[in-house]
Amino acid sequence: MLIMAALFAGAFAFSLTVWMLGQTEVAGTSLARLSRWNQADRGRPSAVLSLRRHVAVQFGGINLVPAKLAANWTIDLERAGVTLNVKEYFALRLAVGAVFAVLTLLLVPFPPAALATAPVGFVLVSFWLKRRISTRTRKLEAQLVELLQMLASGLRAGFGLLQALESAASQMPVPLSLEVRRMLRDTSMGASVEQALSALNERVGSKDFDIVITAILIQRTVGGNLAEILDNVAHTMRERERIRGEIRTLTSQQRLTGYVVGGIPVGLGVAFALISPEFIGLLFSDSLGHILLGVAAGLEVMGFIVIKKIVDIEV
């Protein structure tokens, strides 16, 4: 047990070391990245976002996280609104995995169980990040119609697109106001409006934003009444939200059925454990019981995913 605790303590110290290395590299590389962007990236779409993307996590000259995976993590952190870089995020996942393993080792003095729970903690951080992305995306989409109405009103009042965006950003709540200000900051740093809008679209990762930004980019290419276009897009967004509400109402019974069917085996297991522990104890003490538990857990997850896919209707 002491050896296992020492190993997990070493993993925690290693994650802190990776985080410290990431902190020391940030200041030294920021000016270099800005210089490279000024020299070579001005003509490339999403240049501002690409400054922070292709960076692998290294330790002692060894790539701990490939550049492609680090790029995906960077986009996820941007979309979740988390102020961590890739190195800090990787260190956080290592630390949470080590904490899960140490707690398991303290509660159950069985080293294989601790080794099994360490990846669980590592993966749970990813689930937490995905949850933050979905929550933040829903907030952004809920504020999008109001932004479009403000932009259309500003354009009719004689403002330019950037002036209308700046006026709307001062009146909108977060997180949408933050993303608009970042887009305006990108244009003030030398990026074109098209590049800044493409970077905003990539940061948000929403289909609704993709429709709006595509409409703006097409209007800037072929011309037209942008205020009228934004009004039409806002009407489309409102109709889509109305249809989504109707779908959620019609599928509420099916979603509840999925939760009930998925929770019945867990509830029965807890009830049997309280009523007759020796009856259900064979599932945890016998090797065949372990296999049956694994199969049951896999079927539970599979059934939940199937029901979720059935009731998840795209609009």
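Residues numbered from 1 in each chain as written. Predicted model: local features only at pLDDT ≥ 70, side-chain atom pairs only at ≥ 80, totals over all residues. Heavy atoms only, no water.

Points about the packing of helix α5 (residues 111–156) against helix α7 (residues 176–188)
Under the convention used in this document: A fitted line through C-alpha atoms represents every axis, and for helices the fit uses only the stretch in contact; the resulting angles, taken between N-to-C directions, go from 0 to 180 degrees. Under the scheme used here, helices are H or I runs from DSSP no shorter than 4 residues and strands are E runs no shorter than 2 residues, and both carry numbers assigned from the N terminus. If an angle is under 35 degrees, it is roughly parallel; if it is over 145, roughly antiparallel; if it lies from 65 to 115, roughly perpendicular; otherwise it is oblique. Any pair of residues with heavy atoms lying within 4.5 Å of one another is described as a contacting pair. Three categories are distinguished: nonpolar for Ala, Val, Leu, Ile, Met, Phe, Trp, Tyr, Cys and Pro, charged for Asp, Glu, Lys and Arg, and polar for the others, with Gly belonging to the last.
The contact between α5 and α7 brings their axes to 9 Å, and the two run at 75°. As far as their axial angle goes, α7 and α5 are roughly perpendicular. For the pair formed by α5 and α7, the contact residues are R136, L140, Q143, L144 and L147 on the first element and L176, L178, E179 and V180 on the second. Residue composition of the contact of α5 with α7, grouped by class: six nonpolar, one polar and two charged.

Here we look at the pattern of salt bridges
Working definition: two side chains of opposite charge can pair if their charged atoms are close together. Threshold: Note on definitions: salt bridges are taken to be side-chain nitrogens of Lys or Arg within 4 Å of carboxyl oxygens of Asp or Glu. Burial classes follow relative accessibility: with a 1.4 Å probe on protein chains only, a residue under 20% of its type's maximum area counts as buried, one over 50% as exposed, and anything between as partly exposed.
All told, the structure shown has 15 salt bridges when counted by the stated rule. A salt bridge links R203 to D186, with the shortest nitrogen-to-oxygen separation between them at 3.5 Å. Of this pair, R203 sits in helix α8 (residues 193–204) while D186 is found in helix α7, placing the two residues 17 residues apart along the sequence. For the residue pair R203 and D186, the accessibility class agrees, reading buried in each case.

A short note on a positive patch on the surface
Note the cut-off: Like-charged residues are merged into a patch within 9 Å and nonpolar side chains (Val, Leu, Ile, Met, Phe, Trp, Tyr) within 5 Å, provided each residue has over 30% relative accessible area and no salt bridge. Values of accessible area rely on a 1.4 Å probe in the Shrake-Rupley scheme; residue burial ignores everything except the protein chains shown. We count Lys and Arg on the positive side and Asp and Glu on the negative side, and we leave His and both chain ends out. Charged groups are reduced to one reference atom each: NZ for lysine, CZ for arginine, CG for aspartic acid, CD for glutamic acid.
Residues R131, R138, K308 and K309 make up a contiguous surface patch of positive charge. If you trace the backbone, K309 turns up in helix α14 (residues 287–311).

A closer look at the packing of α5 against helix α10 (residues 226–250)
Relative placement of two packed helices is described by the angle separating their axes and the distance separating the axes. Which entries qualify depends on this criterion: Crossings are assigned a handedness: left-handed for a near helix turned anticlockwise from the far helix by less than a right angle, right-handed for a clockwise turn.
The geometry of α5 relative to α10 is characterised by a closest axis approach of 9 Å and an angle of 160° between their N-to-C directions. Considering the angle they form, α5 stands roughly antiparallel to α10. The crossing of α5 and α10 is left-handed. Taken together, the residues of α10 that come into contact with α5 (itself represented by L144, V145, L148, Q149, L151, A152, L155 and R156) are L226, A227, E228, L230, D231, V233, A234, M237 and R238.

Side note on the nonpolar core
For clarity, the threshold we go by: Think of a nonpolar core as a cluster: buried Ala, Val, Leu, Ile, Met, Phe, Trp, Tyr and Cys residues, connected wherever their side-chain atoms sit within 4.5 Å.
If you look at the biggest cluster of nonpolar residues, it comprises 34 residues, and the most contacted ones within it are L147, L148, M183 and L230. Residue assignment for this core shows that the elements contributing at least two residues are α5, α6 (161–169), α7, α8, α9 (207–222) and α10. Tallying contributions element by element places α5 first for this core, with eight residues. Ignoring anything within four residues of it in the chain, the contact list for L148 reads V212, L230, V233, A234 and M237.

Comments concerning the layout of surface pockets
Note the threshold: Grid points spaced at 1 Å and placed over the protein atoms alone form the basis of the search, with a cavity being a set where a 1.4 Å probe fits but cannot get out and a pocket an open set showing protein on both sides within 12 Å along at least five of seven lines. Lining residues have an atom within 4 Å of a point. Grid points are joined across faces, edges and corners, and a volume is the space filled by probe spheres set on the points.
When its volume is computed, the largest pocket comes out at roughly 1500 Å³. Along the walls of the largest pocket sit 33 residues, with R138, E141, R244, D312 and E314 positioned nearest its centre. Counting only elements with at least two residues in the lining of the largest pocket, the list comes to α5, α9, α10, α11 (252–275) and α14. Examining the composition of the lining of the largest pocket, we find that eight residues originate from one element, α5, more than from any other. Residue composition of the lining of the largest pocket, by class: 12 nonpolar, six polar and 15 charged.

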